[in-house]
Structure formats: structure tokens, C-alpha cells
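# Structural characterization, general
So you can see what is in the structure, the chains are spelled out below.
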Amino acid sequence: MADKRNEIWVFGDYRNYFQNRVTLQLLARANAIAPAIDGLVCAVVLGHDVGEYVWEYGAHGADRIYVTDHPDLKTYSGDLYTHLMVKLAEEKRPEIILIGATDFGREFGPRVAKRLETGLTADCVGLEINRDGLLVQTAPGFGGNLLAEIVTPKARPQMATVRPGIFQEIPHDDDRKAEVIEIPLPPDIPRDRVRLLRCEYRPGRDQCLEDARVVICGGRGMGSKSKFKKLFELARLLNGEVGATRPVIYSRWADHEALVGQAGRQVKPRLLFSFGISGAIQHTAAVTDAEFIIAVNKNPHATMMKMADVAIAADANQVCTALIKELKRRLKSS
Amino acid sequence: MDKIELIVCIKQVPLVSELPWDPKTKTLRREMAEGMMDPAAKHALEAALQIRKVMEEKAVAGKKKIRITVITMGPPMSEEVLREALAMGADSGVLLTDPRMAGADTLITSKILGAAIKKVRPDFDLVFCGSAASDSETGQVGPQLAEELDVPAAAYVERLDIENGHIRIQRLCDNFLETLEMDLPALVTIPPRTFFPRHVPLGGLQQSFEGGDVRTLLAADIALSPDLYAAKASPTKIVNVFSPTAEKENIRLRGAAKKVVEELFRRFEDRIGGAAGKDLKISDLKIPE
Ligand SMILES: Cc1cc2nc3c(=O)[nH]c(=O)nc-3n(C[C@H](O)[C@H](O)[C@H](O)COP(=O)(O)OP(=O)(O)OC[C@H]3O[C@@H](n4cnc5c(N)ncnc54)[C@H](O)[C@@H]3O)c2cc1C
Ligand SMILES: Nc1ncnc2c1ncn2[C@@H]1O[C@H](COP(=O)(O)O)[C@@H](O)[C@H]1O
């Protein structure tokens, strides 16, 4: 190795580049923790015609980039990527490997960790270096109701998949230049055991709910379809989006698109209103990233009320109506 | 192929709607939690049951024997999920329970499940796992078990057909709808989205608790190396657990709707307005009280 600095690797996950900035976010985080362990931030890019990503990762904070660029890597392949990543890691012995918690990353990361016989923490929402120089990985469990801090004291590399949207990318800077190291495709790569027959791009189910800064969720406690409709008016006044629990979808008060929960969408608004929702784990699993929660439920002991920042014990429909009225008054006054 | 072996890995998870979180000791009182079948694993079992039905209908009557074996690793009470799986239609269950298995992280869990499968069903065709369990939510055991068994794998499978020694799959992965094919034996993970589990018939449940083919295996029975202690062998260590919700202030408001809304705005108009990107301050109107 050219120098003895501890390499922090970030897997270059460039598919869906414009929606998925997680690789850039990880490069930023790697830069932030690097000084504590005399770290060198490296990106690993596998694929074909990936020059522009190599350039981009350099401009976003990678000091060194390992690239394997080959026509056989034209499409993402769990089998081949695992093989290549493991081989490279066995040779270069990075201290840390960070992988974006995309669907691909969450399937690929575990396989790499298994072959390297090391630990992997899933879907992290925090990464720090502790006094012993270990990577402290904060991971949610129980639908975000608990957070665990996890370390890998002995095995190396320390590995984590990291949830998109947690860290802030470093702005693009063309003056930053990374050292680019080309790794030729090894001659002995195995046959891909999974045959990709068809692959259609499904340009996102729209991400309105996922990206909304204000989300208004309604549950069975709203009482009826016509009462539930008021949530849309409230959402309009607050520039928000409406979400719903499963009973609401079953009763057809809202479209399936609005389902928030394990079987539906994950939201992370700055402000979440929750009206008439009990707080079953299948629902709360998807809302625990909300920064501030205001819950309205006539049952003060409902789980949703316990996890709220502000818990209003009252009739959901009446509070909704009063909110709309008050908002209209205030918006007119300004 | 005149015989097909399907395996479903099922985890028992705490029924966490009432999370027995102890804020004093900052631990989850697992012994307090009632157990349930992990929802994703239940969907995985449903997928296995459905594919068995389809194959049985396709095959000339009686020619194919399709067997579903369910496996769980956990404390003795995990046996419940095996019984429930039998009631849903699985043929036999394997309970892996041993103090040496306690405290396994995903790497060691996949080794233990792999060792068990190699022992009890070395001729397996297809392994089903949930895409992610509802407690730890790692989603790592499936892919790592595929590595342990050295078979091809696909996660997040939404449709699958078995035909002549291979399996055809449809799945959604990062906005790509993929059609994949792989040879058997193989492993799939199933998200809790498409294979909605059937209800467990009460009578069946009772029957499966009374009879039902369930066997218990210890570490030694599956040829785990005698010096393997899961808690020690696991490369990851949990150093701290905390509850983000327990640290919230949890302000309580009650009373008539109009009153609480006024109070809400008095205390939080900045936060509400900030999130909405609107100025909600009352300028020329009198602020109530
Ligand atoms: C595998 C699986 C996946 C699932 N996936 C999801 C999912 O993705 N999303 C989801 O939401 N659910 C999901 N569920 C269902 C979930 O378990 C709950 O059943 C659901 O979230 C409950 O919705 P709710 O809170 O609206 O209804 P309820 O549990 O019936 O609660 C209604 C609440 O409203 C309150 N209330 C009643 N009247 C009033 C009033 N006038 N004013 C104020 N409050 C009132 C009550 O006190 C109660 O707390 C799933 C279940 C399973 C098994
Ligand atoms: N202890 C276990 N026993 C049986 N299956 C398990 C166990 N742990 C995990 N699994 C399987 O792996 C899936 C994903 O679990 P996890 O990786 O913990 O999120 C589960 O849905 C199960 O199918």
C-alpha cells in the first residue's frame, strides 16, 4: 500500500443517481470521521462507463477511488459485485466499509460481510468514532422505537449500511482531485448464478409523501370518509401531504398510495400530525423519523400519544376543524 | 424432480405494540414480551404454501411430493411459531434452541441456520426468508444464509414460479422491476407486501399443538463446532440501547378543540410555520391571551 492510513471505503452506488445521493452523503460522513482514525476516504466503483461517477465522487470528497470498469459489469449483479468487493477488500484491508442502504446495498452488504467473516450493522442512522477508535454505528430496531449503538471490536473491516438522507453531502468541488486506481477485472470471476431476463425502470412511485416536510396522517378514529376529507384541506394549508393507516385504506377513505407503514410508505417530515391513530407497530415503524409529532386521539393511553411530542386528548375531527379555522385566520392576517 | 423440498426460516419476534421498554435499566424486557411470528417470515411461509399449491395442481396427480419444513432458532418458546406454521400448512418443524446459540448476530445466525439446513434437509431446493424481521430489522440473515449455503439468492421477491429445476422471479429493487431466473437450489427473501398470509384456523392450531411433527435440535445435533458460542463468536457487539421516543417531552394537552388549538399555536407556531414554510404569526390581530 502506498501509505499506511486507514482506508474508509464507500461503495459507489450510482444507480438512480439523481434520486439517490446516498453515496455522496457517505463520502461526506467518511470525511467527517476520517481525522479521528487517520483515515483516507476511498470510493469503490464497479460498472461500465463509470467515468462520470468517478469524477463526481472525487469532487464530493473521495481521496482515492478504486475503479473496475468493464462491459461485463454493465448491470448491477449481486454475485459479481460481491466477488469483486471481497477480493479487493482482502487485498487492501480497509478499516471501514460503508454502503448505502438502498435495496441493492441491503442485499449486497450482508453477502460481502459474510464472506469477509465480519460484522455488519444494518440501516444505520448515525456513525461516530469513539475513544477507542471504533466505529459506533447507531441502528434502529423495533420500527425505530429503539436505537442500538453497535461496534465491531475485533473483526475487520467494520461494516455498515446507512440510511439515505441522514448525512449532508459536501458541495461539488471540481478542484478536488482524487487518486484514481484502476483495478482490472480479474480473469477468474465466477459465472453470475442469477440471470437477469428483464429489467424495467419504474420511475418512482411519486415520492411526495416520502419527501414532504409536513405529513398529516389519519386513522380509523377520523370516523368517516367525509370527516377524513378535511385532512386534505389541512394538508393544503400546511403545504403537506396526507397519509393513512390500513383501516382507512380498507374503508376506501383514501387511496392505497397514501398507506403509511410497513406495508406502505416511510415518511420523515419535520412535522407529523397524527389523527385518530392507535399506533400499531406496522404503522409507527414508518413514522419514527418524524422530527416533531403532534398526535390527536381521544384515548390518552394510545401508543401514538406516548410517542408524540405533543399529545392532544380530544376528538380528532373537532381538532382538525379547529386547526383549519385557526390556520385560515392566521394566513389571512399575515 | 419427483420431490421438492421447501424450507422457510421463521423468527419469533416480540409483539411490540406494547413495547416493554424499561426506561430505568434502559433495556427491553424481552421476557415480558409476548411472541409472534415475524410478519415478513409469515409472508415467506405464505409464499411457500402458495407455490406448493400451484405446483401440485400443475403436476400429474400424486407424482410430485412437495414438502415444507419450517425452521426457527430461538428460546424454547419459539416453538409456538412452528406450531402456528404447521397449522397454516407446513409439514414439519425444526426448533434450534441451545444456550450456546443465544446472542447470535446475523453472521452467526446464518451459520447456525445453514448448519441446520445442511443437517436436516441437505437436498433442499428452495429456502424462503422474510425480507427483514420486525424486531432487529436487519434483513441480513437471508442474504448471509445464501452465502453460507453457497446458493444463488434474490431478495424482495414478489412473484415466483418453479419450473424444471429453476425458479423465475419478479421483484422490485430500487425502482427497477426485474425478472430473474436462477437454478435450484436457491434462496429468496419475501417482503411483507404481496403474499398476504391466510388466517390460521383455530382447530388447526389446536391440532398442531397436540400432534404435529416438530423436533428440537441442540448445537451438538447440527455439528456446530464445540467451541462456538454465539454471543462470543458474533463480530458485532451492542454497547448501548436507548429509546428515542422515551426521551421526548410528551407534552399533554386536553380540553375543547378550540382551546387546545389556540394553545398549540401559542407554543408551537414557529415549529408549525417553519415546517410548512408559511408565516403563521398573527400580525395585526390580537393574540388571544
Ligand atoms: C403484516 C401487517 C402489515 C401492516 N401494515 C400496515 C401499514 O403499512 N400501515 C398501517 O397503518 N397499518 C398496517 N397494518 C395494520 C396495523 O396493525 C393496524 O391495524 C393499523 O395501523 C391501525 O390503524 P388505526 O390506528 O387507524 O386504527 P385503530 O387501531 O382502530 O385505532 C383508531 C384510534 O383512533 C382513536 N379514536 C377513535 N375515535 C376517535 C375520535 N373521535 N377522535 C380521536 N381519536 C379517536 C382510538 O382511540 C384509536 O386509538 C398492518 C398489519 C399487518 C398484520
Ligand atoms: N432466529 C431465526 N430463526 C429463523 N429464521 C430467522 C431467524 N432470524 C432471522 N431469520 C430469518 O431471516 C429473516 C430476516 O431477519 P433479519 O435479518 O433478522 O431481519 C426473517 O424474516 C427470517 O426469515
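Residues numbered from 1 in each chain as written. Chains lettered and ligands numbered in written order. Predicted model: local features only at pLDDT ≥ 70, side-chain atom pairs only at ≥ 80, totals over all residues. Heavy atoms only, no water.

A word on the overall build of chain A. A tally of regular secondary structure across chain A gives 10 helices and 16 strands. Of all 334 residues assigned to chain A, the portion counted as buried reaches 60%. Put simply, of all contacts in chain A between residues at least 6 apart along the chain, 63% involve residues at least 24 apart. Within the structure as shown, chain A displays about 13,900 Å² of accessible surface, and the carbon and sulfur contribution to it stands at 49%. In chain A, 45 side chains carry a positive charge and 42 a negative one; their mean positions are 10 Å apart. (Helix = DSSP H or I, 4+ residues; strand = E, 2+ residues; numbered from the N terminus. Buried < 20%, exposed > 50% of the residue type's maximum accessible area, 1.4 Å probe, protein only. Contact = heavy atoms within 4.5 Å. Areas by Shrake-Rupley, 256 points an atom, 1.4 Å probe, with all protein chains shown as cover. Lys, Arg positive; Asp, Glu negative; His and termini not counted. Charge placed at Lys NZ, Arg CZ, Asp CG, Glu CD.)

Let us now look at the pairing of strand 4 (residues 96–100) of chain A. All names here are of chain A. A large share of strand 4 lies buried, amounting to 5 of its 5 residues. In the sheet, strand 1 (residues 6–11) pairs with strand 4 via 3 bridges, with the strands oriented parallel. If you follow Ile 8 over to strand 4, its bridge partner there is Ile 96. Here strand 4 pairs with strand 9 (residues 158–162) via 5 bridges, running parallel. Within the sheet, the bridge partner assigned to Ile 97 lies in strand 9 and is Met 159. (Pairing = 2+ DSSP bridges.)

Once that is clear, we can look at the interface of chain B and chain A. It is common to give the size of an interface as the accessible area lost on bringing the parts into contact. Opposite the 86 residues of chain B that make contact, chain A presents 88 residues. Together, the buried faces of chain B and chain A total about 8,000 Å²; carbon and sulfur atoms form 56% of this surface. When the area that chain B buries against chain A is broken down by residue, the three leading residues are B:Glu147, B:Asp174 and B:Asn175, summing to 8%. Counting across the chain B and chain A interface gives 11 salt bridges. (Buried area = accessible area lost by both parts, 1.4 Å probe. Salt bridge = Lys/Arg side-chain N within 4 Å of Asp/Glu carboxyl O.)

Let us look at the domain arrangement of chain A. All names here are of chain A. According to the domain assignment, chain A contains domain 1 (6–182) and domain 2 (209–333). Each of domain 1 and domain 2 has a C-alpha centre, and the two are 36 Å apart. Tallying the contact residues gives 5 residues for domain 1 and 6 residues for domain 2. When domain 1 packs against domain 2, close to 400 Å² is buried across both sides, 47% of that on carbon and sulfur atoms. On the surface where domain 1 and domain 2 come into contact, there are 1 salt bridge. Notably, a salt bridge pairs Arg 163 with Asp 289, separated by 2.3 Å at the nearest N-O pair. (Domains from an automatic or database assignment.)

With that out of the way, let us pick up a negative patch on the surface. Residue and element names in this part refer to chain A. On the surface, a cluster of negative charge is contributed by Asp 49, Glu 52, Asp 69 and Glu 182. Relative to the elements of secondary structure, Glu 52 occurs in helix 2 (residues 51–59). In this structure Glu 52 comes out as exposed when scored by relative accessible area, which is 56%. (Patch = residues over 30% accessible without salt bridge, like charges linked within 9 Å, V, L, I, M, F, W, Y side chains within 5 Å.)

What follows deals with the site of ligand 2. Residues and elements named next belong to chain B. Taken together, 20 residues form the shell around ligand 2, and within it Cys 9, Asp 38, Ala 133, Thr 138 and Gly 139 come nearest. Contacts to ligand 2 include Cys 9, whose backbone N or O atom sits 2.5 Å from an oxygen atom. Thr 138 places a polar side-chain atom, nitrogen or oxygen, 2.8 Å from an oxygen atom of ligand 2. Here ligand 2 has 480 Å² of accessible area as a free molecule, and 98% of this is covered by the chains. (Near = heavy atom within 4 Å. Polar contact = N/O pair within 3.5 Å; in protein donor to acceptor, adjacent residues only side chain to side chain.)

On to the site of ligand 1, then. Taken together, 25 residues surround ligand 1, and among them A:Arg220, A:Thr245, A:Ser278, A:Asn297 and A:Asp315 come closest. In this structure, ligand 1 is bordered by residues of chains A and B. In this structure, A:Gln282 approaches ligand 1 through a side-chain N or O atom, which is 2.8 Å from an oxygen atom. Note that a nitrogen atom of ligand 1 is positioned 3.1 Å from one of the backbone N or O atoms of A:Lys298. In the complex, 80% of the free accessible area of ligand 1, which totals 990 Å², lies under the protein chains.

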